[in-house]
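# Summary of structural features
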Amino acid sequence: MKFFLDTANVEQIKRAVKAGVVDGVTTNPTLIAKEGRSQHALIKEIAALVKGPVSVEGNGTTCDELVKEAEVYSKWAPNIVVKIPMTEEGMKAVRVLEKKGIRTNVTLVFSPSQALIAAKAGASFVSPFIGRLDDNSMDGMGLVRDMMQIYKNYGFNTQVIVASIRHPLHVVEAARAGAHIATIPADVLAKMWNHPLTDAGIKKFREDFAKVEGKYL
Ligand code: G3P
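Residues numbered from 1 in each chain as written. Predicted model: local features only at pLDDT ≥ 70, side-chain atom pairs only at ≥ 80, totals over all residues. Heavy atoms only, no water.

Where we set the bar: UniProt positions are given in the numbering used here, feature names are shortened, and annotations may be inferred rather than shown by experiment.
Under an unreviewed UniProt entry, the name given to the protein is Probable transaldolase, and the organism recorded is Fermentimicrarchaeum limneticum. Under Function (unreviewed entry), UniProt gives the following word-for-word description of the protein: "Transaldolase is important for the balance of metabolites in the pentose-phosphate pathway." According to the UniProt record, the Pathway (unreviewed entry) comment for the protein reads "Carbohydrate degradation; pentose phosphate pathway; D-glyceraldehyde 3-phosphate and beta-D-fructose 6-phosphate from D-ribose 5-phosphate and D-xylulose 5-phosphate (non-oxidative stage): step 2/3."

If you want it as structure tokens, here you go:
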């Protein structure tokens, strides 16, 4: 399973890259706005830090607008993927862009029928927003399982990026479902490292080492 970081914060990305746990990055206009910097400069910096795909979101509403925008973004770096909203116009744009060799990530996907249409349009990636479904008393992980089954049934090459992740168990459940990618906020990734028994075990082993050696390393 690949781990993407769901952030536009350069410090968070640098830290996770150093830890060797980042296979890509996803952003959206809300995450960019939090950084208070222009999208162009920020995305170029992020794309240089990360080897894998970096998603930047298209804001147009028509096919033509989205295609024009994507053509600009895709020139910023070779690893740019353009997020396209799950609309009729968006799916037209996906067909055009994928034919031109510009990779797309269909975003704001909340149902299996949307996921099927995005795959048929030829999207490289599709992002089900599971946390937002859970927030509304709907089964986010059920959507991921349906998508994996549907894509397998028909041999679609589209990769599933599980998005809107709220906690480590979302990542674990997505891995159980066989999702290709989880895009993880930095605070959730930090929780994934941790276990109180690991901390207690390290403390005890260090103390016992010091008992024998007369000092801590
Ligand atoms: O990047 C898209 C997605 O992960 C957003 O998550 O937390 O705003 O629902 P959230």
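### Re the overall build of the protein
Note the following rule: Secondary structure elements are defined from DSSP: runs of H or I of at least 4 residues count as helices, runs of E of at least 2 residues count as strands, and each element is numbered from the N terminus. Only protein chains enter the calculation, and the probe is 1.4 Å; a residue is then buried if its accessible area is under 20% of its type maximum, exposed if over 50%, and partly exposed in between. A contact between two residues is defined here by any heavy atoms of the two lying within 4.5 Å. Only the protein chains shown count as cover for residues, and the accessible areas themselves come from Shrake-Rupley with a 1.4 Å probe. Within this scheme the basic residues Lys and Arg register as positive and the acidic residues Asp and Glu register as negative, but His and the chain ends are omitted. Here the site of a charge means atom NZ of a Lys, CZ of an Arg, CG of an Asp or CD of a Glu.
In terms of regular secondary structure, the protein is built from eleven helices and eight strands. In terms of overall dimensions, the protein has C-alpha extents of about 70 × 40 × 30 Å along its principal axes. Here the protein holds 217 residues, and 47% of them are scored as buried. Put simply, 55% of the contacts in the protein that link residues at least 6 apart link residues at least 24 apart. A total accessible area of about 11,500 Å² is found for the protein, and carbon and sulfur atoms account for 55% of it. Side-chain charges in the protein split into 28 positive and 23 negative, and the spacing between the mean points of these groups amounts to 5 Å.

### A word on the site of the ligand
The criterion, for reference: In this text, near means that some heavy atom of the residue lies within 4 Å of the molecule or strand in question. Polar contact is the term for a pair of N or O atoms within 3.5 Å; when the atoms are in protein, one must be able to donate a hydrogen and the other to accept it, and sequence-neighboring residues count only if both atoms are side-chain atoms. Gly falls in the polar group here, along with every residue not listed as nonpolar (Ala, Val, Leu, Ile, Met, Phe, Trp, Tyr, Cys, Pro) or charged (Asp, Glu, Lys, Arg).
Around the ligand sit Asp 6, Asn 28, Lys 83, Phe 129, Arg 132, Ala 163, Ser 164 and Arg 166, and those are all the residues in its vicinity. Measuring from an oxygen atom of the ligand, one finds a side-chain N or O atom of Asp 6 at 2.5 Å. Within the side chain of Ser 164, a nitrogen or oxygen atom sits 2.7 Å from an oxygen atom of the ligand. In the complex, the protein chains occlude 82% of the 310 Å² of accessible area that the ligand would expose alone. Here the residues of the shell around the ligand sort into two nonpolar, two polar and four charged.

### What about the sheet that holds strand β8 (residues 181–184)?
To be explicit about the condition: Should DSSP find at least two bridges between two strands, the strands are regarded as paired. The axes are straight lines fitted to the C-alpha atoms, using for helices just the contacting stretch, and the angles between their N-to-C directions are given from 0 to 180°.
Pairing is parallel in the closed barrel, where eight strands are placed in the order β1-β2-β3-β4-β5-β6-β7-β8. When strand polarity is set aside, the average angle formed by the axes of neighbouring strands in this sheet is 30°. Relative to strand β3 (residues 54–57), strand β2 (residues 24–26) runs parallel, the two sharing two bridges. Bridge pairing links Val 25 to Val 54 in β3. Those strands touched by helix α4 (residues 63–73) are β3 and β4 (80–85), and its axis lies near 160° from that of β4.

### With respect to the pattern of salt bridges
What counts here: What makes a salt bridge here is a side-chain nitrogen of Lys or Arg within 4 Å of a carboxyl oxygen of Asp or Glu, nothing more.
Taken as a whole, this structure holds eleven salt bridges when the rule is applied. We note a salt bridge from Lys 92 to Glu 89, for which the minimum N-O separation is 2.6 Å. You can see Lys 92 and its partner Glu 89 sitting in helix α5 (residues 88–99), three residues apart, about one turn around the helix. You can call Glu 89 partly exposed: its relative accessible area is 25%.

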